[in-house]
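Secondary and tertiary structure notes
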Amino acid sequence: MSSSTAASGRQSITEAAPLSLCAREPRVPADRLVAEMVPPPRFDSVRFGTYVPDPQQPSQTEAVSVLGAFAAGLGGAHPAGDGHGKRRWFARKPAAPTGPRGVYLDGGYGVGKTHLLASLWHATPAAPEQKAFGTFVELTNLVGALGFQETVRTLSGHRLLCIDEFELDDPGDTVLVSTLLGKLVDAGVALAATSNTLPGKLGEGRFAAADFLREIQGLSARFRPLRIDGEDYRHRGLPAAPAPYSDEQVTRAAYATEGASLDDFPGLLEHLSRVHPSRYGALTDGVRAVCLTDVAPVPDQSTALRLVVLADRLYDREVPVLASGLPFDRLFSEEMLNGGYRKKYFRAISRLTALARDAKGLVAQ
């Protein structure tokens, strides 16, 4: 954006200057990572009763019933200890599970999988500190922050671990997560996950899955797949995504909106490369709207995957996104959209489009 355009956007505006995500370098202590493993604000108030199944999709009604029974079955004392990660001295080792000790919600974008997963977390009869909820990326980041053994110790006292957007992006993650979940199941922790990929197909198209077939099949055996059919509710009966605004409109809206941030898109992408993805949530602390100028195609896959994580954190926190430049459905190249990470990119487009709709009210008519 030219300096003259920016200046014209600020004319007659007396409000305080907006925030800048590029000026933030958050530091997140490990204990905060654990404490924040709860459903994000967008899903804090959801329950099974607020999920509205599509009458044309009986699998949605079935999912509510199955998950309700699953939650009810998690009541009672923790099977492996005192609920705080410590085994009772004379406690007997829990019997090996006779079947999958987890449910796996598979379906397309926007059919309500995260709504149902968060509802399961809320419905499980256990204290919040005995339940954990996080995305797959947040789980691997937790291992990076605490170390493998400490992560096992910390989560072993939980009744339930919910993993949203379960995806395996490389062989290291495959082995890491397979081993972690195996130890947690042995400790009596129940598992629940969502994904756009059936358990036995995890990793396809992203690495040599055949070389890690044993680990992938081991993960699949821990879950009962639960298919949820339907169309993306984010686009069901809703108007088309708004076209990008001008630089001047975005700038004026940023100055007129309390708690808004204002950054140029290429600069933000560069800044994300210097901030660990585990800190992207903290990066948006206190931000009530994100305003971006000069949105352009994402230059490479590493940058694209970082943007996916940011889009997830913004969507979780219901932060509207107002932008100028390229429409969000043109962020990723055809090669990216046809590659192994295509599901992540389509999810990011869907979520950014929803947030762009939410931002329409920030622009003066």
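Below you will find a few notes about this structure. (Residues numbered from 1 in each chain as written. Predicted model: local features only at pLDDT ≥ 70, side-chain atom pairs only at ≥ 80, totals over all residues. Heavy atoms only, no water.)

Thoughts on the packing of helix 3 (residues 58–72) against helix 4 (residues 113–123)
Quick note on the threshold: To obtain each axis, a line is fitted to C-alpha atoms, and for helices this fit is confined to the stretch in contact; angles are then taken between N-to-C directions over 0 to 180 degrees. Every helix listed is a DSSP run of H or I at least four residues long, and every strand listed is a run of E at least two residues long, numbered separately from the N terminus. Relative orientations are named as follows: roughly parallel for angles under 35 degrees, roughly antiparallel for angles over 145 degrees, roughly perpendicular for angles from 65 to 115 degrees, and oblique for any other angle. In a left-handed crossing the near helix is turned counterclockwise from the far helix by less than a right angle, and in a right-handed crossing that turn is clockwise. Throughout, a contact is declared for two residues whenever any of their heavy atoms are within 4.5 Å. Here the term charged refers only to Asp, Glu, Lys and Arg, the term nonpolar to Ala, Val, Leu, Ile, Met, Phe, Trp, Tyr, Cys and Pro, and the term polar to all other amino acids, Gly among them.
For the pair helix 3 and helix 4, interaxial distance at closest approach is 9 Å and the crossing angle is 30 degrees. It follows that helix 3 is roughly parallel to helix 4 by the angle criterion. In terms of crossing hand, the pair formed by helix 3 and helix 4 is right-handed. Seen from helix 3, the contacting residues are Ala63, Val64, Leu67, Phe70 and Ala71; seen from helix 4, they are Leu116, Leu120 and Ala123. For the contact of helix 3 with helix 4, the per-class residue count stands at eight nonpolar, no polar and no charged.

Looking at the sheet that holds strand 2 (residues 131–135)
Just so we agree on the cut-off: Two strands qualify as a pair provided that DSSP identifies no fewer than 2 bridges between them.
Read from one edge of the open sheet, five strands run 2-3-4-1-5, paired in parallel fashion. Edge positions in the sheet fall to strand 2 and strand 5 (224–228), since each of these pairs with one other strand and no more. Shown here is a sheet whose adjacent strand axes are inclined to one another by a mean of 15 degrees, direction ignored. Pairing of strand 1 (residues 102–107) with strand 5, which is carried by five bridges, proceeds in the parallel orientation. Bridging across to strand 5, valine 103 finds its partner in arginine 224. Those strands touched by helix 5 (residues 136–146) are strand 2 and strand 3 (160–164), and its axis lies near 110 degrees from that of strand 2.

What to know about the sheet that holds strand 7 (residues 289–295)
The strands that make up a sheet are held in pairs by hydrogen bonds between backbone atoms, and each pair lies either parallel or antiparallel. One open sheet holds the three strands; their spatial order is 6-7-8, and the pairing between them is parallel. With partners counted over all chains shown, the strands left at the sheet margins are strand 6 (260–264) and strand 8 (321–325), one partner each. Each strand of the sheet is rotated relative to its neighbour by a mean of 15 degrees, with strand direction disregarded. Across four bridges, strand 7 lies against strand 8 in parallel orientation. Bridged to cysteine 291 within strand 8 is leucine 322.

Regarding unusual backbone geometry
Despite not being glycine, aspartate 294 shows a phi value in the positive range, around 60 degrees. By secondary structure assignment, the location of aspartate 294 is in strand 7. Unlike most non-glycine residues, glutamate 318 shows phi in positive territory, near 55 degrees.

Description of the pattern of salt bridges
When the charged atoms of two side chains with opposite charge come close together, those side chains can pair. Rule in force here: The term salt bridge refers to a pairing of a side-chain nitrogen on Lys or Arg with a carboxyl oxygen on Asp or Glu at a separation within 4 Å. Three labels apply to residues, based on accessible area from a 1.4 Å probe with only protein chains included: buried if under 20% of the type maximum, exposed if over 50%, partly exposed otherwise in between.
With the rule as written, the count across this model stands at 13 salt bridges. For arginine 32, the salt bridge is made with aspartate 285, and the minimal N-O distance between the two is 2.9 Å. Of this pair, arginine 32 sits in helix 2 (residues 30–35) while aspartate 285 sits in the loop between helix 11 (280–283) and strand 7, and the two are 253 residues apart along the sequence. Taking the relative accessible area as the measure of exposure, arginine 32 reaches 22% and is therefore partly exposed. A salt bridge links arginine 313 to glutamate 138; its shortest N-O distance comes to 3.8 Å.

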